[in-house]
Amino acid sequence: MINAQHLPLISIAMPVYNCEATIGEAIASIINQDFTDWELLIIDDGSTDRTAEQARLFTDSRIRVLDGGDNQHLPKRLNQAVRLARGSYFARMDGDDISYPGRLREQLEYLEQNPQVDLLGGSILIFGSTGDPIGLRQARPSHNKICGTPWRPACLAHVTWMGRREWFQRNLYREDLTHAQDRELLTRTRRKARFASLPGVLVGVREEALCLKKQIFSRKQYFKALCREGVRQRDPALLLVSAPLEIAKLVVDITAIQSGLNYRLLPHRIPNVSQDDAERWMSVLDETRETAAQYENASV
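Source: prediction; values computed, not measured.

Draft legend 1. Geometry of the pattern of salt bridges. Applying the stated criterion across every chain yields a total of 20 salt bridges. The partner of E184 in a salt bridge is R188, and the shortest N-O contact between them spans 2.9 Å. Here E184 and its partner R188 are both found in helix 7 (residues 181-189), 4 residues apart, which amounts to about one turn of the helix. For the pair shown, E184 and R188 are each scored as buried.

Draft legend 2. Structural detail: helix 7. Among the 9 residues of helix 7, 9 are classified as buried, and the element is accordingly described as predominantly covered. Taken as a whole, helix 7 has its buried residues at Q181, D182, R183, E184, L185, L186, T187, R188 and T189.

Draft legend 3. Highlighting the nonpolar core. If you look at the biggest cluster of nonpolar residues, it comprises 36 residues, and the most contacted ones within it are I10, I12, M14, I27, W38, L40 and I42. Broken down by secondary-structure element, the contributors of at least two residues to this core are strand 1 (10-16), helix 1 (23-31), strand 2 (38-44), strand 4 (89-92), helix 4 (103-113), strand 6 (119-127) and strand 9 (195-206). Excluding residues that lie within four positions of it along the chain, I27 makes contacts with M14, L40, I42, A55, F58 and I63. Membership of the second largest hydrophobic core comes to 27 residues, among which are I146, L156, W161 and A243.

The rules we used
- Residues numbered from 1 in each chain as written.
- Predicted model: local features only at pLDDT ≥ 70, side-chain atom pairs only at ≥ 80, totals over all residues.
- Heavy atoms only, no water.
- Salt bridge = Lys/Arg side-chain N within 4 Å of Asp/Glu carboxyl O.
- Helix = DSSP H or I, 4+ residues; strand = E, 2+ residues; numbered from the N terminus.
- Buried < 20%, exposed > 50% of the residue type's maximum accessible area, 1.4 Å probe, protein only.
- Core = buried A, V, L, I, M, F, W, Y, C linked by side-chain atoms within 4.5 Å.
- Contact = heavy atoms within 4.5 Å.

Structure below.
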């Protein structure tokens with residue numbers, strides 16, 4: 001049992017907005033972690049449904065549910081979580097995704113063995129509303145590849161991030177960005193930070209199809225960030241190659257979504273899942289749903 005005076009080793013930030021139907025499984029996946037010295041900071045970002053009420057069904061002293069008032073968007077809530085965090089390490093989690101049971105332990109072990117690494121991520125498995133696996137996105141294997149090239153901008157699945165709290169305190173999210181705040185942070189800090197990734201799947205991400213509105217906002221905001229960082233870092237490649245490519249990619253996104261082809265037109269974004277990965281995922285999902293049901297039934 002963790003008493004009130006104990007400072008957890010890992011703080012997990014979970015800002016949520018209208019996640020009533022999915023937050024139970026997200027929380028259960030943290031409770032199921034095989035590393036137990038953590039705190040989960042759930043910040044309700046002005047939800048209009050019963051997200052906060054669902055979160056409070058999970059009566060675990062390591063979980064803090066905070067009412068945030070008005071909707072202020074993800075980057076502000078993440079910065080709020082950084083300020084509230086008590087752990088030596090800071091990790092990300094979303095209210096509609098599912099962490100694999102070994103995620104925190106594996107990331108902690110790597111970071112403690114590699115003190116030069118500031119930010120660590122990993123691969124994600126994409127699943128749909130029924131829970132069936134759809135695809136697997138493999139994380140880029142090295143700092144240079146995560147930072148990207150002029151043709152392939154920075155990328156590391158945001159929901160898998162974990163690093164030292166002090167690094168996040170020094171490198172806060174830009175609060176004027178409602179989208180692409182993760183890629184902006186990677187691009188902004190790439191020359192003074194060290195990124196890495198684990199090869200295995202860390203998180204199952206709920207995603208059935210591309211959202212046009214989200215893609216438009218994300219591409220536009222990252223385009224502006226690339227232009228800004230191109231000037232600040234005196235990097236012509238960001239200005240002349242990376243930024244224009246975001247606009248070209250947006251045109252492809254619009255075509256894929258409006259035609260109804262979605263990932264069929266963009267197969268590189270969601271590679272096939274192997275039989276072993278699919279079986280492992282279904283086992284994680286079953287265990288997560290069982291834990292969520294136990295807490296929800298206990299409250300009835």
